[in-house]
Amino acid sequence: MICLTEIKLIDDDGLRLDGRKPDELRPIKIEAGVLDNADGSAYVEWGNNKIIAAVYGPREVQPKYLQDTAKAIVQVSYNMAAFAGDDRIRPGPNRRATEISKITAEALERVILTGQYPRSSIDVYIEVLEADAGTRCAGLTAASVAVADAGIPMIDLVPSVAAGKADGQLVLDVGKLEDNKGQADLPLAYVPRTGEIVLLQMDGHFTRKELEMAMKMAIDACKEIHVIQQDALKRKYTPQSSVNTNEQEAEQ
Ligand code: UDP
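Residues numbered from 1 in each chain as written. Predicted model: local features only at pLDDT ≥ 70, side-chain atom pairs only at ≥ 80, totals over all residues. Heavy atoms only, no water.

Colleague: Describe the pattern of salt bridges, naming the residues involved and giving the relevant values.
Modeller: Enumeration according to the criterion identifies 19 salt bridges in this entry. A salt bridge links R136 to E99; its shortest N-O distance comes to 2.9 Å. Taken together, the residues R136 in helix α2 (residues 135-149) and E99 in helix α1 (residues 95-109) connect sequence positions 37 residues apart. Given a relative accessible area of 19%, R136 falls into the buried group. The class of E99 is partly exposed, set by a relative accessible area of 34%. The partner of D149 in a salt bridge is K236, and the shortest N-O contact between them spans 2.9 Å. (Salt bridge = Lys/Arg side-chain N within 4 Å of Asp/Glu carboxyl O. Helix = DSSP H or I, 4+ residues; strand = E, 2+ residues; numbered from the N terminus. Buried < 20%, exposed > 50% of the residue type's maximum accessible area, 1.4 Å probe, protein only.)

Colleague: Which residues make up the pairing of strand β9 (residues 196-200), and what values go with them?
Modeller: Inspection of the sheet shows strand β8 (residues 184-191) paired to β9 by four bridges, in the antiparallel sense. In the strand pairing of β9, Y190 is matched with I197. Linkage of β8 to β9, two consecutive antiparallel strands, is achieved through a turn of four residues, within which G195 is found at a positive phi near 75°. (Pairing = 2+ DSSP bridges.)

Colleague: So, the site of the ligand: which residues are in play, and what are the values?
Modeller: In the vicinity of the ligand, the residues found are M80, I89, R96, A131, D132, A133, G134, T135, R136, K176 and D179. Between an oxygen atom of the ligand and a main-chain N or O atom of A133, the distance comes to 2.8 Å. The separation between an oxygen atom of the ligand and a polar side-chain atom of R136 is 2.8 Å. Look at the ligand: alone it shows 500 Å² of surface, and the protein chains cover 75% of it. Mapped by element, the contributors of at least two residues to the shell around the ligand are α2 and α3 (176-181). Residue composition of the shell around the ligand, grouped by class: four nonpolar, two polar and five charged. (Near = heavy atom within 4 Å. Polar contact = N/O pair within 3.5 Å; in protein donor to acceptor, adjacent residues only side chain to side chain. Areas by Shrake-Rupley, 256 points an atom, 1.4 Å probe, with all protein chains shown as cover. Nonpolar A, V, L, I, M, F, W, Y, C, P; charged D, E, K, R; others polar.)

Colleague: Describe in detail the packing of α2 against helix α4 (residues 208-237), supporting the description with residues and values.
Modeller: Axis separation between α2 and α4 bottoms out at 11 Å; the angle between their running directions is 35°. Taken as a pair, α2 and α4 cross one another with a handedness that is right-handed. On the side of α2, the interface is formed by T141, S144, V145, A148 and D149, while α4 contributes I225, Q229, L233, K236 and Y237. Here the contact of α2 with α4 is composed, by residue class, of five nonpolar, three polar and two charged. (Axes fitted to C-alpha atoms, helices over the stretch in contact; angles between N-to-C directions. Left-handed = near helix turned anticlockwise from the far one by under 90°. Contact = heavy atoms within 4.5 Å.)

Colleague: Explain the sheet that holds strand β5 (residues 120-130) residue by residue, including any values.
Modeller: Each strand in a sheet pairs with another by means of backbone hydrogen bonds, the pair being arranged parallel or else antiparallel. Here we have five strands laid out as an open sheet, ordered β1-β2-β3-β5-β4, and mixed in their pairing. Edge positions in the sheet fall to β1 (28-32) and β4 (73-80), since each of these pairs with one other strand and no more. Averaged over all pairs of adjacent strands, the angle between strand axes in this sheet comes to 15°, irrespective of strand direction. Where β4 lies against β5, eight bridges are found, and the strand directions are parallel. For S77, the partnering residue across the bridge sits in β5 and is Y125. Relative to strand β2 (residues 40-46), α2 is tilted by about 150°, and along the sheet it contacts β1, β2, β3 (49-60), β4 and β5. Packing against the sheet, α4 makes contact with β1 and β2, and its axis sits at approximately 35° to β1.

The analysis is restricted to geometry; functional conclusions fall outside its scope.
Dropping the structure here:
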């Protein structure tokens, strides 16, 4: 049996358990528009996380008493599939899913131009198919691409990532064992166009200096993730002929 207390999260060469440098992201792939039946959708593979986001709306608010005469409401449902983790996850709502749904909706509300759609609802579904830490950040990252894919006007996309502390050292994009055994976890979401932080949570302990450095690390990484999000939308919305032309030009 592996004794978790003996695990070193950072080895003598300064590398993490999966071979990453402290400030290195896991590989991220995003595809926009993967579902025919939703108004917008996106699929993200982020390390071992596999997450799909679907958007419906703007549409009539259900239940009706939630209607806002001044703007659209954003309703998010985050769900982890029963088979998403090492152990079977009990299906249905729980406190964690309710919390993640709420913070994701609050982050999306900051960028969606909700004032353009009074009395309506924008419904976002995030389904985690495989989970390996960082699913709230990866889910929000995918959800904002799905909102854009639905053609809903937004100020910007919302890239998100967690920074943390493992073996006393700051690390970017916290992995599962780092989440379990590390000293701190700081999920953050950032709007590149406005510089606004629209999600910030913290679990564990940082010194003030570490907190500032962890936030900077996460913000810098959000700028990288933003490019991956934009590329996903460009791949879907750039006509194939111009993609081919660009590729041919690159080959010459
Ligand atoms: N996790 C799990 N079952 C649960 C909750 C969490 O297997 O019921 C795992 C999953 O891999 C998740 C990780 O623990 O990604 C960290 O969960 P946390 O609540 O910190 O949220 P996340 O990092 O996914 O945003």
